[in-house]
Amino acid sequence: MASNCLFCRIAAGDIPSSAVYSDDEIYAFRDINPAAPQHILVIPRRHIQSLADAEPEDAAVLGRLLGCARTIAEQQGFAQTGFRSVFNTGVDGGQTVGHLHLHLLAGRAMHWPPG
Ligand code: 5GP
Ligand code: ZN
């Protein structure tokens with residue numbers, strides 16, 4: 001764990017969060033500043049800086065992350081109505097926390113193109 005990383009510390013339980021899903025590799029929790037009625041962040045427990053830093057050996061955990069996103073969508077009741085899934089990457093991508101995370105946004109109609 002990167003002790004100076006906010007999301008590593010959240011996944012470890014050092015910083016409180018509202019958990020939505022948890023297993024040995026993946027943790028999901030509610031965004032502190034929701035941009036939609038449902039706004040969940042899905043992260044690998046292992047520190048990966050961003051999608052741009054993902055290595056071939058990260059493929060399995062990234063696959064699991066997407067599978068968990070689907071499970072969460074079912075459990076939270078928005079799999080059928082639909083949802084937005086976003087990885088912000090780097091400066092131009094608007095990434096503010098340097099630990100890879102998938103935003104799941106749901107509960108309202110989303111706009112396209114994004115800002
Ligand atoms: P990014 O801007 O990197 O794509 O997304 C980071 C997200 O993390 C933002 O939506 C922000 O609201 C959320 N966030 C930042 N700090 C915390 C925190 O301490 N707890 C929780 N639950 N979410 C956070
Ligand atoms: Zn981290």
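All figures in this text were calculated on a predicted structure; none of them were measured in a lab.

Visitor: Break down the packing of aromatic side chains for me, citing the residues and quoting the values.
Guide: Tallying each qualifying case throughout the model produces three aromatic pairs. Seen in terms of ring centroids, Phe 7 and Phe 29 are 5.3 Å apart; in terms of plane orientation they differ by 85 degrees. Their pairing is edge-to-face. Linking Phe 7 in helix α1 (residues 6-11) with Phe 29 in strand β2 (residues 26-30), this pair joins segments that are 22 residues apart in sequence. Of the two residues, Phe 7 and Phe 29, neither departs from the other in class, the shared state being buried. Taken together, the ring pairs connect Phe 7, Tyr 27 and Phe 29 into an aromatic cluster.

Visitor: Quick one: what's the story with the sheet that holds strand β3 (residues 38-44), residue by residue and with numbers?
Guide: Taken together, five strands build an open sheet; the order of strands is β1-β2-β3-β5-β4 and the sheet is antiparallel. Looking at the sheet topology across the chains shown, the edges are occupied by β1 (19-22) and β4 (84-86). In this sheet, neighbouring strand axes are inclined to one another by 20 degrees on average, regardless of whether the strands run parallel or antiparallel. Looking at chain direction, β4 and strand β5 (residues 102-106) are connected through three bridges and run antiparallel. Bridge pairing links Ser 85 to Leu 104 in β5.

Visitor: Requested: an account of the coordination of the zinc ion (ligand 2), with residues and values cited.
Guide: The coordination sphere of the zinc ion (ligand 2), as far as protein atoms go, consists of Cys 5 (SG), Cys 8 (SG), His 47 (ND1) and His 99 (ND1), spread over 2.0 to 2.3 Å. Coordination geometry of the zinc ion (ligand 2): the four donor atoms subtend angles of 106 to 117 degrees at the metal centre, consistent with an arrangement described as tetrahedral. Between consecutive donor residues of the zinc ion (ligand 2), the sequence gaps follow C-x2-C-x38-H-x51-H. Summarising the burial analysis for this pair, Cys 5 and Cys 8 share the class buried.

Visitor: I'd like a description of empty space enclosed by the protein, backed by residues and values.
Guide: One water molecule sets the probe size; rolling that probe over the atoms shows where empty space is left. Going through the model one piece at a time under the given rule, you end up with one cavity of 30 Å³ or more. Put simply, the largest cavity is a space of about 40 Å³. Lining the largest cavity we find Ser 50, Leu 51, Phe 87, Asn 88, Thr 89, Gln 95, His 99, Leu 100 and His 101. Looking at the lining of the largest cavity residue by residue, the class counts come to three nonpolar, six polar and no charged.

Visitor: Let's hear about the pattern of salt bridges: which residues, and what values?
Guide: Applying the stated criterion to the full structure yields four salt bridges. As a salt-bridge pair, Asp 58 and Arg 46 come within 3.0 Å of each other at their nearest N and O atoms. Here Arg 46 lies in the loop between β3 and α2 (59-76) and Asp 58 lies in the loop between β3 and α2, a separation of twelve residues in the sequence. For Asp 58, a relative accessible area of 4% translates into the label buried. A salt bridge links Arg 70 to Glu 74, with the nearest nitrogen and oxygen atoms 3.5 Å apart.

Cut-off values and rules
Residues numbered from 1 in each chain as written. Chains lettered and ligands numbered in written order. Predicted model: local features only at pLDDT ≥ 70, side-chain atom pairs only at ≥ 80, totals over all residues. Heavy atoms only, no water. Phe/Tyr/Trp six-rings, centres within 6.5 Å; stacked < 30°, edge-to-face > 60°. Helix = DSSP H or I, 4+ residues; strand = E, 2+ residues; numbered from the N terminus. Buried < 20%, exposed > 50% of the residue type's maximum accessible area, 1.4 Å probe, protein only. Pairing = 2+ DSSP bridges. Axes fitted to C-alpha atoms, helices over the stretch in contact; angles between N-to-C directions. Donors = N, O, S within 2.8 Å, 3.2 Å for Na, K, Ca; no water. Tetrahedral: all angles 85-135°; square planar, octahedral: opposite > 155°, others 65-115°. 1 Å grid on protein atoms, 1.4 Å probe; cavity = no way out; pocket = protein on both sides within 12 Å on 5 of 7 lines; lining within 4 Å. Points joined across faces, edges and corners; volume = space filled by probe spheres on them. Nonpolar A, V, L, I, M, F, W, Y, C, P; charged D, E, K, R; others polar. Salt bridge = Lys/Arg side-chain N within 4 Å of Asp/Glu carboxyl O.

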